[in-house]
Amino acid sequence: ARGVEIGASAAPTRSLTLTSAYTYTNAKESTPLAAGVLRTYIVPDHQFSVAATQRISPRLTLVFDLLASSDYLAPIYDPVTYLSRAYRFAGIAKAQLGASYRLPLRETQALRLFVKSDNLFNQTYFESGYRTPGITAQGGMQYEF
């Protein structure tokens, strides 16, 4: 495999941090994985990410991130021929949005409440051949000591 990865980070204000990264991967096998396929499975040629972290206050933080990639190949088992064949899956464009609120309890203890929504565009995409859920949300709390 050969490629390049470039990343950047900036803080345009004291409370905002922006980061991004781009990866190009040229991953090839020396022998075919399936008939005529030298491209490595599950590795997209191009991947891009960008994230923005906004600290609203010392206690409240918002995060938005976006991940996008080109298509990739994955093996699909054929029960008739007992062989694997390569299937091309479309790339993804997946966004997340999250919030975190930290409530200090004592000098060294705090309670952090958080909520996160994933796949904001409700895109249908697959990971290693398995369909992923549409838009989802989760929340919870963390005790820090």
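As a starting point, this report considers the structure included with it. Values in this document were obtained by computation on a predicted structure and should not be read as measured data.

A closer look at the packing of aromatic side chains
Summed over the entire model, instances satisfying the criterion amount to four aromatic pairs. Taking the centre distance of 4.7 Å and the plane angle of 65° together, the rings of Tyr 87 and Phe 89 count as edge-to-face. Overall, Tyr 87 belongs to the partly exposed group, its relative accessible area being 41%. Phe 89 sits in the buried class, given a relative accessible area of 6%. Following the ring pairs from residue to residue traces out a cluster consisting of Tyr 72, Tyr 87, Phe 89 and Phe 126.

Brief notes about a nonpolar patch on the surface
On the surface, a cluster of nonpolar side chains totalling about 750 Å² of accessible area is made up of Tyr 101, Leu 103, Leu 105, Leu 113, Met 141, Tyr 143 and Phe 145. Going through the elements one at a time, strand S7 (93-106) and strand S11 (136-144) are the ones with two or more residues in the nonpolar patch. Broken down by element, the residue count for the nonpolar patch peaks at three residues, all from S7.

Things to note about the sheet that holds strand S2 (residues 16-26)
Taking strand neighbours across the sheet as the criterion, the seven strands line up as S1-S2-S3-S4-S7-S8-S11 in an open arrangement whose pairing is antiparallel. With one partner strand each, in any of the chains shown, strand S1 (2-13) and S11 form the two edges of the open sheet. Ignoring strand direction, the axes of neighbouring strands in this sheet form an average angle of 15°.

Some points on the pairing of S1
With respect to burial, S1 is a largely exposed element, only zero of its twelve residues being buried. For S1 and S2, the ladder comprises ten bridges, and the chain directions are antiparallel. Each bridged residue has a counterpart across the sheet, and for Glu 5 the counterpart in S2 is Thr 23. Counting the residues between successive antiparallel strands, the hairpin from S1 to S2 contains two residues.

Some words on the side chain of Gln 109
Summarising the element assignment, Gln 109 is placed in strand S8 (residues 109-118). Filtering out sequence-adjacent residues up to four positions away, Gln 109 remains in contact with Pro 104, Tyr 143, Glu 144 and Phe 145.

Some points on the pattern of salt bridges
Across all of its chains, the model carries four salt bridges by this definition. With its nearest N and O atoms 3.1 Å apart, the salt bridge here joins Arg 88 to Asp 71. With a gap of 17 residues between them, Arg 88 in strand S6 (residues 83-89) and Asp 71 in the loop between strand S4 (60-69) and strand S5 (72-78) connect regions that are remote in the sequence. With relative accessibility at 25%, the residue Asp 71 sits in the partly exposed group. Across the salt bridge formed by Arg 102 and Glu 144, the nearest N and O atoms sit 2.8 Å from each other. Here Arg 102 is found in strand S7, whereas its partner Glu 144 is found in strand S11, with 42 residues between them in sequence. Under the relative-accessibility criterion, Arg 102 is labelled partly exposed at 34%. One network of salt bridges, with partners in common, ties together Arg 39, Asp 45, Asp 71 and Arg 88.

Reading the values: the criteria
Residues numbered from 1 in each chain as written. Predicted model: local features only at pLDDT ≥ 70, side-chain atom pairs only at ≥ 80, totals over all residues. Heavy atoms only, no water. Phe/Tyr/Trp six-rings, centres within 6.5 Å; stacked < 30°, edge-to-face > 60°. Buried < 20%, exposed > 50% of the residue type's maximum accessible area, 1.4 Å probe, protein only. Patch = residues over 30% accessible without salt bridge, like charges linked within 9 Å, V, L, I, M, F, W, Y side chains within 5 Å. Areas by Shrake-Rupley, 256 points an atom, 1.4 Å probe, with all protein chains shown as cover. Salt bridge = Lys/Arg side-chain N within 4 Å of Asp/Glu carboxyl O. Helix = DSSP H or I, 4+ residues; strand = E, 2+ residues; numbered from the N terminus. Pairing = 2+ DSSP bridges. Axes fitted to C-alpha atoms, helices over the stretch in contact; angles between N-to-C directions. Contact = heavy atoms within 4.5 Å.

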